[in-house]
Amino acid sequence: MRDATNCAIHPTVDQSEFSSLTVPTYRASTIVFDTAQAYATRLERDLDSYFYGLHGTPTTRTLEAQIAKLENGLRSVIVPSGQAGATIVFLSVLLPGDTVLVPDNVYPPVLDFCVNFLEPRGIGHRIYRPDGEGIEDLVDPAVKLIWTETPGSTTMEFQDLRAIAALGRKHGILTGADNTWATPLHLKPLDLGFDFSMQALSKYAGGHSDLLLGSVCVNDLELRRKLRDTMRMLGIGVSPDEVALALRGIETMAVRLAHVGNVALGLAEDLAARPDVGLVLHPGLPGFPQHQLWKRDFSGASGVFSVVLSEAQETNLDEALDQLKVMAIGASWGGTRSLVAPMLIGNGRKFKRPEHERTILRINVGLEDIEDLRADLNNLFDILSK
Ligand SMILES: *Cc1c(COP(=O)(O)O)cnc(C)c1O
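Everything numeric in this text was worked out from a predicted model, so none of it was measured.

Sorry if this is basic, but what is going on with the overall build of the protein chain here?
When helices and strands are tallied, the protein chain shows 14 helices and twelve strands. In summary, the protein chain has a C-alpha radius of gyration of 23 Å against a globular reference of 21 Å for 386 residues, a match within 12%. Oriented by its inertia axes, the alpha-carbon framework of the protein chain measures out at about 80 × 50 × 35 Å. Each of the 386 residues in the protein chain was classed as buried or not, and the buried ones make up 52%. Looking at the protein chain alone, contacts between residues at least 24 apart form 71% of all its contacts between residues at least 6 apart.

Pasting the structure below:
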């Protein structure tokens, strides 16, 4: 062959004695076929197979299989973000005239999607109490999906997931869980009877605040086909580079999650013992209203919890946050750095509670030394209460 051809075609090298512990990052748009017959029948290939890079490469398939194993499901799909995980589930199963039930504490962009995207297209939503109370009263023949988020971001309410899965089965309604807080290491929604388990892999799977991905896991191949059809028609895929980062993050996820879970509970106990700290929202505290429900369904807690400030403490909030030495000010969670996010629930909820009027500090525990974190939080509350 001549030079231009030798530029365009890479040499084939022997890989037979090469064995690595890492998953290769296969980037591809075009996928080529060994025979004309294979090309002609490419669209008949199984969804686990390959026909265009947008629909996955072996790197993506590896992450899909690993998520399915961890969630104890049959198949998973990888999507560009946690938000896309929720929206692709909704778009896969809801048609005009249908209704989805969402909890009052749902991740706010999901509510935005219900109100400003689904509603104008004839798909309704109803909001149920954050603890799931009274949800059966909202069920009618239009309801095709019940979405849960346990615990809810910031306000930390737990839904009775077993009861909701049973309600779905009784009425033939699909059920989906946002499993981002617990990760499948602490909760396996499919084992409880859920049809979909979604995670924002951007959080604990990624683990380093540097990637955006989501996953949806199912036990039913027909639901997997609907998810993949929706992604294909919308033109949604993920970058194998992001996927490779998630695969690396997952290697250390169990160790990270166990560590931040212990440290977070220790810090929550310390804060709860301070006379100037009001409500600490951590399910591992025996006084937490849904402590028993959490214990029944979850095998642990991750590193995110909340503290409700008093009106007096709110006056010093900016000054106190600006003095943080180790913890950073920011939302999101699941990375190596501890974060504090002041959250204002305000009028964002239908079922209002007194603590929604106050600033809630959402704390994400990272991998710094616990003594440094304890000092930072004690200093924070000393300034808040001075
Ligand atoms: C972060 C988060 C999401 C969205 O994930 P992105 O990857 O940021 O889109 C959804 N649900 C919960 C509970 C989250 O914490």
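After that view of the structure, there is still more to cover.
Looking at this structure, I do not really get the pattern of salt bridges. What am I missing?
Side chains carrying opposite charge are able to pair once their charged atoms draw close together. Taken as a whole, this structure holds 21 salt bridges when the rule is applied. Taking the shortest distance from any N to any O, the salt bridge between aspartate 297 and arginine 162 comes out at 2.7 Å. Within this pair, whereas aspartate 297 is found in helix H11 (residues 291-297), its partner arginine 162 is found in helix H6 (residues 161-171), the two being separated by 135 residues in sequence. On the basis of relative accessible area, aspartate 297 is assigned to the buried category, the value being 10%.

Looking at this structure, I do not really get the sheet that holds strand S12 (residues 359-364). What am I missing?
For sheets, the rule is that strands pair by backbone hydrogen bonds, running either parallel or antiparallel. Strand order in the open sheet formed by five strands is S8-S9-S12-S11-S10, with mixed pairing between adjacent strands. The sheet is open, and its two edges are formed by strand S8 (280-281) and strand S10 (328-329), each paired on a single side. In terms of strand pairing, S8 meets strand S9 (residues 304-308) through two bridges, oriented antiparallel. Residue pairing for S9: valine 280 is matched across the bridge by valine 307. Contacting S8, S9 and S12, helix H10 (residues 253-273) runs over the sheet at an angle of about 10° to S9.

Would you mind going over the sheet that holds strand S6 (residues 196-200) with me for this structure?
With mixed pairing, the seven strands of this open sheet are ordered in space as S1-S7-S6-S5-S4-S2-S3. Looking at strand neighbours, the two that pair on one side only are strand S1 (75-79) and strand S3 (124-128), the edges of this open sheet. Taking each pair of neighbouring strands and ignoring which way they run, the sheet shows an average axis angle of 20°. Bridge analysis of strand S5 (residues 174-178) against S6 gives three bridges, and the strand direction is parallel. Within S6, the residue paired with alanine 177 across the bridge is serine 197.

It is not clear to me how the domain arrangement of the protein chain should be interpreted in this structure. Could you clarify?
For an interface, size is often stated in terms of accessible area lost upon the parts coming together. For the protein chain, the domain assignment lists domain 1 (36-250) and domain 2 (253-384). One C-alpha centre belongs to domain 1, the other to domain 2, and the line joining them spans 27 Å. On the side of domain 2, 36 residues touch domain 1, which itself brings 37 residues to the contact. Summing the contributions of domain 1 and of domain 2, the shared interface buries around 3,300 Å²; its carbon and sulfur component is 60%. Summed over the shared surface of domain 1 and domain 2, the result is two salt bridges. Counting across the interface, domain 1 meets domain 2 through 21 residue pairs in polar contact (both at pLDDT 80 or more). Put simply, the parts of the chain that give the side of domain 1 that touches domain 2 at least two residues each are S3, H6, helix H7 (183-186) and helix H9 (240-251). Here the side of domain 1 that touches domain 2 is built from residues that sort into 15 nonpolar, 15 polar and seven charged.

Conventions used here
- Residues numbered from 1 in each chain as written.
- Predicted model: local features only at pLDDT ≥ 70, side-chain atom pairs only at ≥ 80, totals over all residues.
- Heavy atoms only, no water.
- Helix = DSSP H or I, 4+ residues; strand = E, 2+ residues; numbered from the N terminus.
- Rg over C-alpha atoms; globule rule 2.2 N^0.38 Å.
- Buried < 20%, exposed > 50% of the residue type's maximum accessible area, 1.4 Å probe, protein only.
- Contact = heavy atoms within 4.5 Å.
- Salt bridge = Lys/Arg side-chain N within 4 Å of Asp/Glu carboxyl O.
- Pairing = 2+ DSSP bridges.
- Axes fitted to C-alpha atoms, helices over the stretch in contact; angles between N-to-C directions.
- Domains from an automatic or database assignment.
- Buried area = accessible area lost by both parts, 1.4 Å probe.
- Polar contact = N/O pair within 3.5 Å; in protein donor to acceptor, adjacent residues only side chain to side chain.
- Nonpolar A, V, L, I, M, F, W, Y, C, P; charged D, E, K, R; others polar.

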